[in-house]
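Remarks on the overall topology
These are the residues of each chain, in order.
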Amino acid sequence: NLSLDSIPMGLPMSDPTAWATAMNNLGMAPMGMTGQPLLPDFDPALGMMTGIPPINPMMPGLGIVPPPIPPDMPAVKEIIHCKSCTLFPPNPHLPPPATRERPPGCKTVFVGGLPENGTEQIIMEVFEQCGEVIAIRKSKKNFCHIRFAEEFMVDKALYLSGYRIRLGSSTDKKDTGRLHVDFAQARDDLYEWECKQRMLAREERHRRRLEEERFRPPSPPPVVHYSDHECSVVAEKLKDDAKFLEAIQTLLTWIERGEVNRRTANNFYSMIQSANSHVRRLVNEKAAHEKEMEEAKEKFKLALSGILVQFEQIVAVYHSASKQKAWDHFTKAQRKNISVWCKQAEEIRNIHNDELMGIRREEEMEMSDEEIEDPPEMQETEESVLVSQVEALKEENDSLRWQLDAYRNEVELLKQEQGKASRDEDTTKEQQMKLLQQALQGMQKHLLKVQDEYKKREAELEKVKEDKLKLETLLETLKEQESSSSRVCACSQEKECPVEKTLSNSPVKSEREVLLVGIISTFLHVHPFGASIEYICSYLQRLDSKICTAEVEVLMTRLQNTFRQELSGVGASLEKRWKFCGFDGLKMT
C-alpha cells in the first residue's frame, strides 16, 4: 500500500498533455492558461467523466505496437557489461520486439526470459541503470515485475527488450536467457495516475473559478438610506439630465422600502413631480431626434436622386456609344468592355431606383394612414359593454383631474419663481404661463366633454335597466298563464276518467294485493281441505319476507266470495281453516 505523501506528485504546469487529460476527465475542452486550446485534435469523448472508461491495455482488441526509442538511448544497440553479467544486443535486422498498449501512468514493467540462476541482485544491477527502482517482485518461473520511481524510466527499461543475458563467463543454459520487457498494468500506478488527474482537475477548476470571478460584472453600489439631506440631494439630481437615472433608481428603492409616510409624503410628491416633468424633456428630446431623422432621410433621398441622375447620364453615354455610328469604330475588346460596363451600370441604376421608389412608397403609405379617418363606432346595446365604457371614462376623468392638479402645482411653482427671477426672464415666464393656461383650458374643455359623455352613458344604462325590468314582468305573466292552462288540463282529465274512481272502490286496491290473491287461491286450490293462516303465511314469506300475517288475514276477510273461514275440531283441538270458494262465489255474484 502506497501513500500519497511518500510519492512525489508534482507535475509541471507546462505539460500540455497532462493538462488536456485532466480537463477531459472533467468533461471540459482542453484549454490553456490563456484560453487557447492545448491540443487541437484532442477527443473529449474518451474522458473518464463522460461514462466511457479510459483505454486499458488489458482490453481485448488492442494491437501490439513496438515501444518508442528513448531520445537519450543510442539508435544502434551495443554490448552492455555489468559486474555479474553481460548483455548482448539482438540482431539489428530483426523487427523490434512487440509490446502491449501502454497503461495510463505506467511505472511497472514485466521482464521475462531471465536465467534460471538469476537473482534479484543481478536484476537490480541490470535495471538500476534505467532509473531508481522502487520494488522488484520475482517469480520462480524466470520472470519478474519491476516498479520504477518515474514514468520515463519505463521507456529506458523497454530499450533492453531483446537483449541476450549471460551470467559471468558461463555458457550453461541456466545462466543465459533472452530478455523480454513489456508494459505491466499495476493498481498502484493507476491509483497514482488518477490522483494526479484529480489534482490537475482541481487546479483547473480553481483557475476557471478565478477567471469567472474576474469577468463577473461588479455588483451595483448600495442605495443610501433615506434622510432629509439625501432627499434634497436626490431632488436636485432629478432636475439634472446627466444624473437623472441614478436619482430615479434611488427614488424607486426608497418607495419600495416603505419610506413614504405622513412626514415625508410632501418630499416624495415633489420628487415624483420632478420625475413627471422629466417626461416632457424626454418627449422634446424624442421630437428633436425624429426631426433629425427626417432631415437625414431628406438628405439621403436628395443624394440618391442625384446619384440616379448621374447613372442615367452614364447609361445614356453607353447606349449612344452602342449605336452604329460609333460602334463600328471600336475594336472587339473595346465593344465587349463597353457592353459589360453598360450592363453593370444598368443593374446598379435599377437597384438604386428600386430603393428610391421604396422610400417614396413608404412616405405615401404614411400619408395615407394619416388621412384615413376612423370608422364610425357601432352602437352597442349590451349592458356589459356600457359598464366597461363607463368605467374607462371614470378612469380617464380621474387621470385628467390628477393632471389638472399637477398643472396647478406647476403654475403655483412658476408663480413663486416669477417673483424671484429677474426682469429679463419675465417675458419667457409669461409665455410659459400663457401656454399652461391654454393647456388648462383645453383640459377643462376635454373634462367637460368627458362628463357629458358619462351622463349620456348613465342615461343609456338606466334605459337598459328599465327594459330589463319590463322583460322580467313579461316572463312572470307568461309563467302564470302556463300554470293556469296546466290546471285546466288537469280538470278535464279528471272529468274524463270517472271509471278509474269506480275501480278504486273495489276491495283489491293495488296490483300487489291482486298477486297475493292469485297466489293464495292457487295454494288453497291445491289444499281442498283448507289451510291455517300460519301455513299460508309461511308459504308466502318464502316468496317475500316482508309479508305479515295480519295483512294476509285482512285481505282474505275482505274477499268473502273468494275465501271462506271454517272451524274444525272440538275443545282444545279447535282450529280455524281457510278454504277457496271462488267457484261458488262466481255463481252467487
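Residues numbered from 1 in each chain as written. Predicted model: local features only at pLDDT ≥ 70, side-chain atom pairs only at ≥ 80, totals over all residues. Heavy atoms only, no water.

An unreviewed UniProt entry annotates the protein chain as ENOX2 protein originating from Rhinopomastus cyanomelas. Among the UniProt annotations of the protein chain, the heading Sequence similarities (unreviewed entry) holds the following wording: "Belongs to the ENOX family." (UniProt positions renumbered as here; feature names shortened; annotations may be inferred.)

A word on the environment of valine 309
Here valine 309 lies in helix 7 (residues 265-321). Sequence-wise, valine 309 and arginine 349 are 40 residues apart; in three dimensions their C-alpha atoms are separated by 9.2 Å. (Helix = DSSP H or I, 4+ residues; strand = E, 2+ residues; numbered from the N terminus.)

Re the UniProt feature "coiled-coil region" (unreviewed entry) in the protein chain
UniProt's feature table lists "coiled-coil region" (unreviewed entry) at residues 272-299 and 390-484, given in the numbering used throughout. Between the C-alpha atoms that bound residues 272-299 the distance is 41 Å, and the span itself is 100% helix and 0% strand.

Regarding the confidence of the model for the protein chain
Per-residue pLDDT for the protein chain averages 79, and the proportion of residues at 70 or more is 79%. Predicted confidence is poor over residues 1-14, with pLDDT under 50, and the contacts of this stretch with residues over four places away or in other chains come to 21 contacts. Note that pLDDT drops below 50 for residues 38-66; the model gives that stretch 54 contacts with residues more than four away or on any other chain. (pLDDT = per-residue confidence, 0-100. Contact = heavy atoms within 4.5 Å.)

Points about a negative patch on the surface
A grouping of Glu458, Glu462, Glu466 and Asp467 is seen on the molecular surface, where their side chains present a negatively charged patch. By the secondary structure assignment, glutamate 462 is in helix 11 (residues 426-496). Overall, glutamate 462 belongs to the exposed group, its relative accessible area being 53%. (Patch = residues over 30% accessible without salt bridge, like charges linked within 9 Å, V, L, I, M, F, W, Y side chains within 5 Å. Areas by Shrake-Rupley, 256 points an atom, 1.4 Å probe, with all protein chains shown as cover. Salt bridge = Lys/Arg side-chain N within 4 Å of Asp/Glu carboxyl O. Lys, Arg positive; Asp, Glu negative; His and termini not counted. Charge placed at Lys NZ, Arg CZ, Asp CG, Glu CD. Buried < 20%, exposed > 50% of the residue type's maximum accessible area, 1.4 Å probe, protein only.)

What about a nonpolar patch on the surface?
The grouping of Ile255, Val260 and Ile272 at the surface amounts to a nonpolar patch, some 230 Å² of accessible area in total. Along the chain, isoleucine 272 falls in helix 7.

Remarks on the side chain of glutamate 125
Secondary-structure assignment places glutamate 125 in helix 2 (residues 120-127). Put simply, glutamate 125 is tucked away with no salt bridge, and the nearest opposite charge, on lysine 83, sits 6.5 Å away. Those residues in contact with glutamate 125 that sit more than four places away from it in its chain are Cys82, Lys83 and Ser84.

As for the sheet that holds strand 5 (residues 143-148)
Taken together, the four strands give an open sheet; going across it, the order is 4-5-3-8, and neighbouring strands pair in antiparallel fashion. At either margin of the open sheet sits one strand with a lone partner, and together these are strand 4 (133-138) and strand 8 (180-183). Pairwise comparison of adjacent strand axes, ignoring direction, gives a mean angle of 20 degrees for this sheet. Both strand 3 (residues 108-112) and strand 5 contribute to a ladder of five bridges, which runs antiparallel. By the bridge assignment, glycine 112 is partnered in strand 5 with phenylalanine 143. Strands strand 3, strand 4, strand 5 and strand 8 of the sheet are contacted by helix 2, whose axis makes an angle of about 140 degrees with strand 4. (Pairing = 2+ DSSP bridges. Axes fitted to C-alpha atoms, helices over the stretch in contact; angles between N-to-C directions.)

Here's the deal with the packing of aromatic side chains
Per the stated rule, a full pass over the model turns up eight aromatic pairs. Ring centres of tyrosine 226 and phenylalanine 268 lie 5.3 Å apart, and the angle between their planes is 20 degrees; on these two criteria the pair is classed as stacked. Of this pair, tyrosine 226 sits in the loop between helix 4 (187-215) and helix 5 (228-238) while phenylalanine 268 sits in helix 7; the two residues are 42 residues apart in sequence, bridging distant segments of the chain. Each member of the pair, tyrosine 226 together with phenylalanine 268, is buried. Just above the ring of tyrosine 159 sits the side chain of lysine 77; from NZ or CZ to the centre is 5.1 Å. (Phe/Tyr/Trp six-rings, centres within 6.5 Å; stacked < 30°, edge-to-face > 60°. Lys NZ or Arg CZ within 6 Å of the ring centre and 35° of its normal.)

Some remarks on the pattern of salt bridges
Scanning the entire structure with this criterion turns up 22 salt bridges. Between glutamate 298 and lysine 301 there is a salt bridge, with its nearest N and O atoms 3.8 Å apart. Pair noted here: glutamate 298 and lysine 301 are both in helix 7, with a separation of three residues, about one helical turn. Taking relative accessible area as the criterion, glutamate 298 reaches 37% and is therefore assigned partly exposed.

As for the environment of methionine 271
Position of methionine 271 relative to the elements: it lies in helix 7. Residue methionine 271 is classed as buried on the basis of its relative accessible area, which comes to 0%. Each C-alpha atom of the pair methionine 271 and glutamate 236 lies 9.1 Å from the other, and the pair is 35 residues apart in sequence.

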